[in-house]
Amino acid sequence: MTNENIVESAGFAELGISGPLLKTTAGAGFDMPKPIQAGAIPPLLEGRDVLAVAQTGSGKTAAFSLPILTKIIALGTKRLPKTARALILAPTRELAVQIEETIRVLTKGLHVSTALVLGGVSRFSQVKKMAPGVDVLVATPGRLVDLVREGEVSLQETRWLVLDEADRMLDMGFIHDVKRLAKATHRDRQTALFSATMPEEIAALAEGIMKQPVRVEVAPQGTTAAEIKQSVVLARTKQKRKILSTMLADEAMRQVIVFARTKHGADRVTRDLERDGFEAAVIHGNKSQNARQKALNGFRDGSVRILVATDIAARGIDVPGISHVVNFDLPDEAESYVHRIGRTGRNGADGIAITLCDPTESAKLRQVEKIIRMKLPVAADHLDQPDPKPEPRAAMEPANDRNAPRADKRPQGQKPRGNGFGKKLFSGRPADDRPEGRKPSRPKRRGFGGRKPATRAA
Ligand code: AMP
């Protein structure tokens with residue numbers, strides 16, 4: 001069923017949010033509901049399951065949190081040990097942290113307890129936090145499966161279940177864990193599933209775990225925020241480093257997130273940027289949770305201008321001032337393009353997304369254009385010019401970098417020998433050079449019985 005009567009002009013009170021939550025919502029700076037909130041809040045308050053297709057940055061956290069919090073507040077504060085009244089599952093640690101932060105803002109002074117269960121950090125404090133029971137548990141699936149299996153968390157009293165960014169959970173191989181966790185919750189639960197895209201597997205999952213959901217769709221699948229100016233720069237992989245550094249020399253690129261396809265690639269781009277005289281932080285799945293949070297905090301508070309990220313790690317990053325997204329490589333999955341560029345142009349702000357595309361990536365570019373339903377304009381074509389531009393920061397190249405580009409030393413128009421710039425930026429495919437999230441398949445775990453699993457990161 002589609003909820004066609006989205007009441008965009010109504011305030012939060014008209015949508016059914018009342019009492020203290022109205023105050024905290026206003027305190028959070030949310031004056032008028034966003035379309036996803038106008039669409040999802042009324043059916044969730046009615047007790048209906050909701051299947052929502054919403055872009056990142058659309059305001060979905062408050063869309064599912066406010067109705068659940070309304071109901072939890074009405075129940076009072078009695079909780080059973082180790083239980084959670086509501087469970088919100090998110091694909092990445094960063095997104096889980098962000099959701100919990102939003103919920104804490106929305107429940108300021110309201111005696112609603114929250115907990116975070118994530119991999120990559122100590123489980124001790126999580127187990128301790130869960131001991132008396134909590135109102136809202138925000139978790140990544142991997143660690144939660146472990147804690148449920150070990151009896152440290154019980155989902156038997158969980159009557160609200162939210163799957164956020166469900167398509168990403170699917171990509172990351174969490175789908176079995178998600179199904180297992182859903183099964184462990186209360187039979188009479190209410191379920192909301194939010195996803196930026198609706199691949200068949202997600203539709204099937206929704207059918208399996210939801211009861212006649214109301215479908216809320218605020219932007220057609222694959223649509224990119226209208227405010228984002230998108231373009232493509234045609235360039236060979238070997239030229240990309242130089243093009244990126246030249247671009248970043250422009251200070252109009254105030255706050256930039258650079259996406260690389262692999263963890264290895266992200267490290268390499270960061271290293272090259274540093275060699276070219278830029279300060280950049282990097283965030284990917286091989287970094288410790290502390291390092292990721294530190295990089296993100298620096299980016300958020302403006303002390304770091306450039307953040308290099310892989311798709312997985314960047315998921316859910318909500319930094320309002322990102323002026324530019326640069327896709328150093330095209331993603332393997334076209335849907336990821338939508339998520340990537342959604343990091344800019346948030347909350348109605350303008351944003352610019354530039355994609356560097358090597359001829360070998362042209363099939364991926366076509367896929368992207370298919371799902372965004374538009375042809376990306378070509379802002380620059382470097383394919384005929386192996387020498388993009390003189391090195392703006394040549395002085396900063398290490399003296400012993402014998403392979404450094406010698407662009408400025410060549411007569412104009414003369415093509416360099418060999419591969420253009422001599423420097424082999426991407427030499428071969430390292431062993432771990434697979435896109436993040438493509439984990440080697442691991443054995444399926446059945447139910448919550450059996451042996452204690454080893455601790456692992458989400
Ligand atoms: P989300 O999609 O939940 O990550 O939200 C994206 C951004 O929109 C966050 O920065 C929120 O703080 C902001 N936001 C959510 N709802 C509203 C609202 N009704 N009015 C203004 N900003 C909002």
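All of these numbers come straight from a predicted model, not from anything done at the bench. Within every chain, residues take consecutive numbers counted from 1 along the sequence as written. Given that the model is predicted, a residue must reach a pLDDT of at least 70 before its local features are reported, and side-chain atom pairs must reach 80 or more before they are shown or counted; all residues, however, enter totals for whole chains, interfaces and linings. Side-chain metrics in this entry use all non-hydrogen atoms of the structure; hydrogen atoms and water are not considered.

**Here's the deal with the sheet that holds strand E14 (residues 378-381)**
For step 1, the next point in the chain: With parallel pairing, seven strands are arranged side by side in an open sheet as E10-E11-E9-E12-E13-E8-E14. Two strands bound the open sheet, and with one partner strand each, they are strand E10 (280-283) and E14. Along the sheet, successive strands turn relative to each other by an average axial angle of 20°, direction set aside.
For step 2, the next point in the chain: Pairing of strand E12 (residues 324-327) with strand E13 (residues 351-357), which is carried by four bridges, proceeds in the parallel orientation. Within E13, the residue paired with His 324 across the bridge is Ile 352.
For step 3, the next point in the chain: Along the sheet, helix H15 (residues 334-341) makes contact with strand E8 (228-234), strand E9 (256-259), E12 and E13, crossing E12 at roughly 155°. Strand pairing follows a simple DSSP-based rule, namely that at least 2 bridges must link the two strands. Only runs of H or I of at least four residues qualify as helices and only runs of E of at least two qualify as strands under DSSP, and these elements are numbered from the N terminus. Axis angles are defined between N-to-C directions and span 0 to 180 degrees, where every axis is a line fitted to C-alpha atoms and, for a helix, only to the segment in contact. For this analysis, residues touch if any pair of their heavy atoms sits within 4.5 Å.

**As for the pattern of salt bridges**
For step 1, the next point in the chain: Each salt bridge in this description consists of a side-chain nitrogen of Lys or Arg and a carboxyl oxygen of Asp or Glu lying within 4 Å of one another. Considering all chains together, one arrives at 18 salt bridges under this definition.
For step 2, the next point in the chain: Between Arg 275 and Asp 272 there is a salt bridge, with the nearest N and O atoms lying 3.5 Å from each other. Within this pair, Arg 275 and its partner Asp 272 are both found in helix H12 (residues 263-275), separated by three residues, close to a single helical turn.
For step 3, the next point in the chain: You can call Asp 272 buried: its relative accessible area is 9%.
For step 4, the next point in the chain: Among the ionic contacts, a cluster of salt bridges with common partners joins Arg 241, Asp 272, Arg 275 and Asp 276. Three labels apply to residues, based on accessible area from a 1.4 Å probe with only protein chains included: buried if under 20% of the type maximum, exposed if over 50%, partly exposed otherwise in between.

**Comments concerning the sheet that holds strand E1 (residues 50-53)**
For step 1, the next point in the chain: On the basis of which strands lie adjacent, the open sheet formed by seven strands has the order E3-E4-E2-E5-E6-E1-E7 and parallel pairing. Each edge of the open sheet carries a strand with a single partner, namely strand E3 (114-117) and strand E7 (214-217). The average angle at which neighbouring strand axes cross in this sheet is 15°, direction not considered.
For step 2, the next point in the chain: Pairing of strand E5 (residues 160-163) with strand E6 (residues 190-195), which is carried by four bridges, proceeds in the parallel orientation.

**Some remarks on the site of the ligand**
For step 1, the next point in the chain: Working definition: residue near molecule or strand if any one of its non-hydrogen atoms lies within 4 Å of it. Around the ligand, the structure places 15 residues, and the nearest of them are Met 32, Gln 37, Gly 59, Thr 61 and Asp 318.
For step 2, the next point in the chain: A 3.5 Å cut-off defines polar contacts: any pair of N or O atoms within that distance qualifies, except that in protein one atom must be a possible hydrogen donor and the other a possible acceptor, and neighbouring residues in sequence count only when both atoms are side-chain atoms. Gly 59 places a main-chain nitrogen or oxygen 2.8 Å from an oxygen atom of the ligand.
For step 3, the next point in the chain: The side chain of Thr 61 places a nitrogen or oxygen atom 2.6 Å from an oxygen atom of the ligand.
For step 4, the next point in the chain: The nonpolar class holds Ala, Val, Leu, Ile, Met, Phe, Trp, Tyr, Cys and Pro. Asp, Glu, Lys and Arg form the charged class, and all remaining residues, Gly among them, are polar. Of the residues in the shell around the ligand, the class split is four nonpolar, seven polar and four charged.

**Some details on the nonpolar core**
Side chains of nonpolar character tend, in soluble globular proteins, to be buried together.
For step 1, the next point in the chain: In plain words, nonpolar cores are sets of buried Ala, Val, Leu, Ile, Met, Phe, Trp, Tyr and Cys residues tied together by side-chain atoms within 4.5 Å. Of all hydrophobic cores here, the largest spans 39 residues; its most connected members are Leu 66, Ile 88, Ile 99, Val 136 and Phe 194.
For step 2, the next point in the chain: Residues contacting Leu 66, with those up to four places away along its chain left out, are Phe 12, Ile 17, Leu 21, Thr 25, Ile 41 and Leu 106.

**Considering H12**
For step 1, the next point in the chain: For H12, with 13 residues, the first-to-last C-alpha span of 18 Å sits near the 18 Å given by 1.5 Å per residue.
For step 2, the next point in the chain: Those residues of H12 not exposed but buried are Lys 263, Gly 265, Ala 266, Arg 268, Val 269, Thr 270, Asp 272 and Leu 273.
For step 3, the next point in the chain: Those residues of H12 that are buried are in contact with helix H11 (237-248), E9, E10 and strand E11 (306-309).
For step 4, the next point in the chain: In the segment just after H12, Gly 277 is the residue with positive phi, at about 95°. Multiplying 1.5 Å by the helix residue count minus one yields the expected span of that helix.

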